[in-house]
Amino acid sequence: MHNRKKANSPKTTTYHKGASKAKSKKGKAKSAGKSGSLLRFLGSERMIQVYGMIFMICSLLLFVSIVSHIINYETDMQYINKYPEADKSGNIAGAIGAYLAYFFVYYFFGVFSIGFALIFFLIGLKLAFDKTPLRIMKTSITTILTMAWLAMMAGFFVYNSSFKYIAGLFGEFTAAGIWEDTGPFVSILIAVLSFFAIGIVCYNLSIKSVGRGALFVFAGLGNGFSWMFQKMREQRAMQKVKKTTKTKRSKDKVDTELPGLYIENRNELQNEYDTNRIHFDLDNPTENPLKSEKEDDEVPFDIVNEVKVDLPEMEFPYPEDENPEDELADDNNGDENPENVVEIYLEEYDPRADLSTYQLPSEELLKDYSVKEVDAAVMRAELVENKNKIETTLRHFNIQIKSISATVGPTVTLYEIVPAEGVRISKIKNLEDDIALNLAALGIRIIAPIPGKGTIGIEVPNKNPKIVSMREIIDSEKFKNNKFDLPIGLGKTISNEAFVVDLAKMPHMLMAGATGQGKSVGLNAIIASLLYTKHPAELKFVMIDPKKVEFSLYSMIENHYLAKLPDMEEPIITDTKKVIRTLRSLCQEMDDRYDLLKMAKTRNIKEYNAKFKERKLNPLNGHRYLPYIVLLIDEFGDLIMTAGREVEMPIARLAQLARAIGIHLIIATQRPSVNIITGTIKANFPARIAFRVSSKIDSRTILDGNGADQLIGKGDMLISTGSDLIRLQCAFVDTPEVEEIVRHIENQQAYPEAFLLPEVPDDEKGKREDDDDDPGSDNIDDLFMDAASLIVQTQQGSTSLIQRKLSLGYNRAGRIMDQLEKYKIVGPQEGSKARKVLVKTNEELREIFVRLGIL
């Protein structure tokens, strides 16, 4: 027995070990099986059917919520905005329905977002029953396009009215952008064409069917919106909230205990924000000064200086379109002298308040260059002589004309010719040199035909040209009575009319001309025009002057009108490195301003500043009054030669985006070649001024046409604002006049410092171009990665390749090549041969970047 037990004991031990291993494996398999079964359960057919039912229920909830939101819009919005009197939502689906409908209606396609309910329902139907009467993808795309079109149409109908939410954010911004950029005719054309496109592509309709449907759809939209507006107005009228309470105190007690209440809240954190005064007068009921006229939905959006007075955002006891005096009258039962009338006085913010004593320059500071009129007989003799010479020249070439008339300008006379029937315009155009020879005059230009007229124009310089003084332009009725945001008086036309344009509408200007032809005078005329019309709080200049002498006079008005970086001592920027930093700072200012516009829900600087003046934007949230900024660059060609792409790229970005936030560019150069005025710059500078240039090629570069090479100089110029080309005599403003204007401004109260642009990181590291720079320095060039990638991709270790591809100077390209050698990307120099590329793949290059800490 003893031996048997002893023999069996090892087997018993082995059995227990095997059982524990099997049990652990069984536990692991059991846990894995649980997770797998959960995933299988969530993806099972039953759960997919549950998901489908959830989608259908959500679609029904969305449909009911939006319909109820449309009907009870006022109550829902009071609840969402947490008005004290709105303790619960008026939506059938309750608070969830109110917020759900608000989200879809406001942030998408307005009331037409109800189409999302159809999309969700079809998805649920597919998941629950694995079949739908409609194809989900096609129906979804068709529904979204239809909602987008209807929202856009609604945006056209409710544009600039108090019912913008009907179109949603998409409809409002799409319609506003199309309407402002193209005008009403093109907007209607876009709406009709898009309707036809959706009908034909999405609904497979014929053009005839879509055309018939368009009449009913547009008529139905008009009637539908009219009915909707009427219902909403009726609802608002029925839901007036009575906020004024009758007092039980006698008038005597009110007079003795509460004669009046005056609250003053001075915002110490915002110096430029004036005192808010709220005055409650309980004894003297007068007309509410904040009562604004009801906005007319039919008022065109482009009315200049349209003044809108809205109620403040701080406390708002009744809807904005109601008359508080009507409610007071209701509560007082016709009492003509109620005892508890509440009046609110809220002053608008005045940006000029900090320099309230500032006086704009007067016309007396400018000289009058007008001379005694030329004897009429002499002038007539000159006109008749030129007319006879033109007729003789044309007759020599068998060209008959019906009539000829003359319009005398300050420096050029326009002779308008009506050719006989059958005469080709090209025959007269080809006689330009012959006419100039017979008249013995330079600067003759033939306009064939004159736009908008059935005549051919021949511009001939006057023998006794007249100087157009800046004082004449400033004194002109056209300049004094303009309603422009940034008015510029450039000079006089051939018909002796002052030519005044709005820089804010241009919105940028490109100026070119040979040396001594009037560029600098033109820039001074532009600056003087703005100084004569804009307060220092409303306008700032950023002046870049590589020549160092053109804008030096304006440094005396640094604290009034100039803007600069915080660490710059000189307000006029002359150093190329500082120019690059300033341009990058302006780009940062542009981005900051767009963020402010986004927060304020406005589309341009004019709307934003109007809201800020009406105190609808809180300075504690970062809001501030935004002055216009005009960037002036003289000798742009010199900057392109020294800095290249580092200057061109921020200029192009500002030109593309800065219009809406009030940053406008004026660039001047004396070399309008294609490598200076590139296609990117030309595309974003629709307004171009050309003084006399030396060749037809330069004329075509700046104006996209001939003419600038035929000007007579001394301020004679052509301006192109699109398709029109207008000849002007630039207004003359001399250096002593500029000194007088600047001295007048300098002697007045100024801000403590210049307008400071945002600080930007200093890019000096890696950008020095000195030949003695240490290539072993740890300051890696900003374009090091680009250059390394270029070298590895092309497998060519060439400095000239870096120069060409990255638009760099030789010194900087050589320094980058030395850094590439230091970090073993290229080998050492081998005479005139290209360096050997040591790194063969992008993976190896990436490892080097990681090791250097630049990736």
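Shown above is the structure to which this text applies.
What you see is a predicted model; the values in this text were computed from it and never measured.

Asks: Looking at this structure, how should I read the overall build of the chain?
Replies: Helix and strand counts for the chain come out as 29 helices and 17 strands. Going through the 855 residues of the chain one by one, you find that 45% of them count as buried. The long-range fraction of contacts in the chain, counting pairs at least 24 apart against all pairs at least 6 apart in sequence, stands at 66%.

Asks: In this structure, what is going on with the sheet that holds strand S4 (residues 412–419)? I would like to understand it.
Replies: Backbone-to-backbone hydrogen bonds join strands into a sheet, with any given pair of strands oriented parallel or antiparallel. Strand order in the open sheet made by the four strands is S3-S4-S6-S5, with antiparallel pairing throughout. Among the strands making up the open sheet, the edge pair consists of strand S3 (401–408) and strand S5 (445–447). If you compare each strand with its neighbour and ignore which way they point, the axes differ by 20 degrees on average. As defined by bridge partners, S3 adjoins S4 across seven bridges and the pair is classed as antiparallel. Paired with Ile-401 across the bridge in S4 is Pro-419.

Asks: How should I be thinking about the packing of helix H6 (residues 136–158) against helix H8 (residues 184–201) in this particular structure?
Replies: Helix packing geometry: the angle between the two helix axes and the distance between the axes. Look at H6 against H8: their axes get within 11 Å of each other, and the N-to-C directions meet at 160 degrees. Taken together, the axis directions place H6 and H8 in an arrangement best described as roughly antiparallel. For the pair H6 and H8, the crossing hand works out as left-handed. Across the interface between the two elements, Leu-145, Thr-146, Trp-149, Met-152, Met-153 and Phe-156 of H6 pack against Ser-187, Ala-191, Ser-194, Phe-195 and Ile-198 of H8. Partitioning the contact of H6 with H8 into residue classes produces eight nonpolar, three polar and no charged.

Asks: So what exactly am I meant to see when it comes to helix H19 (residues 576–600) here?
Replies: Given 3.6 residues per turn, any residue in an α-helix points the same way as the ones three and four places further on. Between its first and last C-alpha atoms H19 spans 36 Å; for 25 residues at 1.5 Å apiece the expected length is 36 Å, and the two agree. A positive backbone phi angle near 60 degrees is found at Lys-601, which sits one or two residues after H19.

Asks: Would you mind showing me how to read the sheet that holds strand S16 (residues 725–730) here?
Replies: Spatially, S8-S7-S16-S15-S14-S9-S13-S12-S10 is the arrangement adopted by the nine strands of the open sheet, whose pairing is mixed. Either end of the sheet is taken by a strand with one partner, and the two such strands are strand S8 (498–502) and strand S10 (539–544). Between one strand and the next, the sheet's axes are offset by a mean angle of 30 degrees, whatever the strand orientation. Here S10 runs beside strand S12 (residues 628–633); their pairing, made up of six bridges, is parallel. Across the sheet, residue Val-542 finds its bridge partner in S12, namely Leu-631. Helix H24 (residues 696–703) contacts strand S9 (509–512), strand S14 (687–690), strand S15 (716–720) and S16 of the sheet and is inclined by roughly 155 degrees relative to S14.

Asks: Even after reading the chapter, I still don't get the nonpolar core, so can you show me in this structure?
Replies: Taken as a class, soluble globular proteins show a tendency for nonpolar side chains to be buried jointly. Grouped together as the largest cluster of nonpolar side chains are 111 residues, with contacts concentrated most on Leu-490, Phe-541 and Leu-631. Top contributing element to this core by residue count: H19, with nine residues. Discounting chain neighbours no more than four positions away, the residues touching Phe-541 are Ile-527, Leu-530, Leu-531, Tyr-561, Leu-562, Ala-563, Val-630 and Leu-632. Judged by nonpolar contacts, the second largest core, of 24 residues, contains Leu-783, Ala-788, Ile-802 and Ala-813.

Asks: Would you mind showing me how to read the packing of helix H3 (residues 73–80) against helix H4 (residues 94–107) here?
Replies: Relative to each other, H3 and H4 sit at 95 degrees, their axes nearing to 10 Å. Taken as axis vectors, H3 and H4 run roughly perpendicular relative to one another. Counted together, Asp-76, Met-77, Tyr-79 and Ile-80 of H3 and Ala-95, Ala-98, Tyr-99 and Tyr-102 of H4 form the full contact between these two elements. Taken together, the residues of the contact of H3 with H4 sort by class into seven nonpolar, no polar and one charged.

Asks: What's the story with a nonpolar patch on the surface in this structure? I'm lost.
Replies: A cluster of nonpolar side chains, Leu-38, Phe-41, Leu-42, Ile-48, Val-50, Tyr-51 and Ile-54, forms an exposed patch at the surface whose accessible area comes to about 590 Å². Of all the secondary-structure elements, those providing two or more residues to the nonpolar patch are helix H1 (2–42) and helix H2 (45–71). Considering every element that reaches the nonpolar patch, the biggest residue donor is H2, with four residues. Within the secondary structure, Val-50 sits in helix H2.

Asks: In this structure, what is going on with the pattern of salt bridges? I would like to understand it.
Replies: Opposite charge on two side chains lets them pair, provided their charged atoms get close. Applying the stated criterion to the full structure yields 32 salt bridges. Between Arg-352 and Glu-538 there is a salt bridge, with the nearest N and O atoms lying 3.1 Å from each other. Here Glu-538 lies in the loop between helix H17 (519–531) and S10 and Arg-352 lies in the loop between helix H11 (324–331) and helix H12 (376–396), a separation of 186 residues in the sequence. Ionic pairing is found between Asp-704 and Lys-682, a salt bridge with its closest N-O pair at 2.7 Å. Note that Asp-704 is positioned in the loop between H24 and S15 and Lys-682 in helix H23 (residues 679–683), a separation of 22 residues in sequence. One salt-bridge network, held together by shared partners, links Glu-364, Arg-471, Asp-475 and Lys-480.

Asks: Looking at this model, I keep getting lost on the side chain of His-623. Mind explaining?
Replies: Note on placement: His-623 falls in the loop between helix H20 (605–613) and S12. Of the residues examined, His-623 reaches a relative accessible area of 6% and is grouped as buried.

Asks: Even after reading the chapter, I still don't get unusual backbone geometry, so can you show me in this structure?
Replies: What you tend to see is this: most non-glycine residues have negative phi, and most peptide bonds are trans. Along the chain, Met-506 connects to Pro-507 via a cis peptide bond; the corresponding omega equals -5 degrees. With respect to the helices, strands and loops of the structure, Pro-507 is situated in the loop between S8 and S9.

Asks: Whenever I open this one, the packing of aromatic side chains confuses me. Can you help?
Replies: The relative placement of two aromatic rings is captured by the distance of their centres and the angle of their planes. A complete count under the given rule lists 21 aromatic pairs for this structure. Seen from their ring centres, Tyr-349 and Tyr-625 are 6.3 Å apart, and the 50 degrees between their planes marks the pair as tilted. Of this pair, Tyr-349 sits in the loop between H11 and H12 while Tyr-625 is found in the loop between H20 and S12, placing the two residues 276 residues apart along the sequence. Pairwise contacts between aromatic rings join Phe-55, Tyr-102, Phe-103, Phe-104, Tyr-106, Tyr-107, Phe-108, Phe-109, Phe-116, Phe-120 and Phe-170 into one cluster.

Asks: So what exactly am I meant to see when it comes to the pairing of S9 here?
Replies: Residues in a regular strand project their side chains so that they alternate between the two faces of the sheet. Burial of S9 is two-sided: the residues Met-509 and Met-511 facing one way and the residues Leu-510 and Ala-512 facing the other way are all buried. Two strands pair when backbone bridges link them, and S9 and S14 are joined in this way by four bridges, in the parallel orientation. When the bridges of S14 are listed, Ala-512 appears paired with Ala-690. Note: S9 against strand S13 (residues 663–669), four bridges, orientation parallel. Each residue of the ladder has a partner; that of Met-509, found in S13, is Ile-666.

Asks: Is there a simple way to think about the environment of Gly-422 in this case?
Replies: Residue placement: Gly-422 occurs in the loop between S4 and helix H13 (425–429). Owing to a relative accessible area of 79%, Gly-422 belongs among the exposed residues under this scheme. Residues Gly-422 and Ile-399, spaced 23 residues apart in sequence, show a C-alpha to C-alpha distance of 9.7 Å.

Quick notes on the rules
Residues numbered from 1 in each chain as written. Predicted model: local features only at pLDDT ≥ 70, side-chain atom pairs only at ≥ 80, totals over all residues. Heavy atoms only, no water. Helix = DSSP H or I, 4+ residues; strand = E, 2+ residues; numbered from the N terminus. Buried < 20%, exposed > 50% of the residue type's maximum accessible area, 1.4 Å probe, protein only. Contact = heavy atoms within 4.5 Å. Pairing = 2+ DSSP bridges. Axes fitted to C-alpha atoms, helices over the stretch in contact; angles between N-to-C directions. Parallel < 35°, antiparallel > 145°, perpendicular 65-115°, else oblique. Left-handed = near helix turned anticlockwise from the far one by under 90°. Nonpolar A, V, L, I, M, F, W, Y, C, P; charged D, E, K, R; others polar. Expected span 1.5 Å × (residues − 1). Core = buried A, V, L, I, M, F, W, Y, C linked by side-chain atoms within 4.5 Å. Patch = residues over 30% accessible without salt bridge, like charges linked within 9 Å, V, L, I, M, F, W, Y side chains within 5 Å. Areas by Shrake-Rupley, 256 points an atom, 1.4 Å probe, with all protein chains shown as cover. Salt bridge = Lys/Arg side-chain N within 4 Å of Asp/Glu carboxyl O. Phe/Tyr/Trp six-rings, centres within 6.5 Å; stacked < 30°, edge-to-face > 60°.

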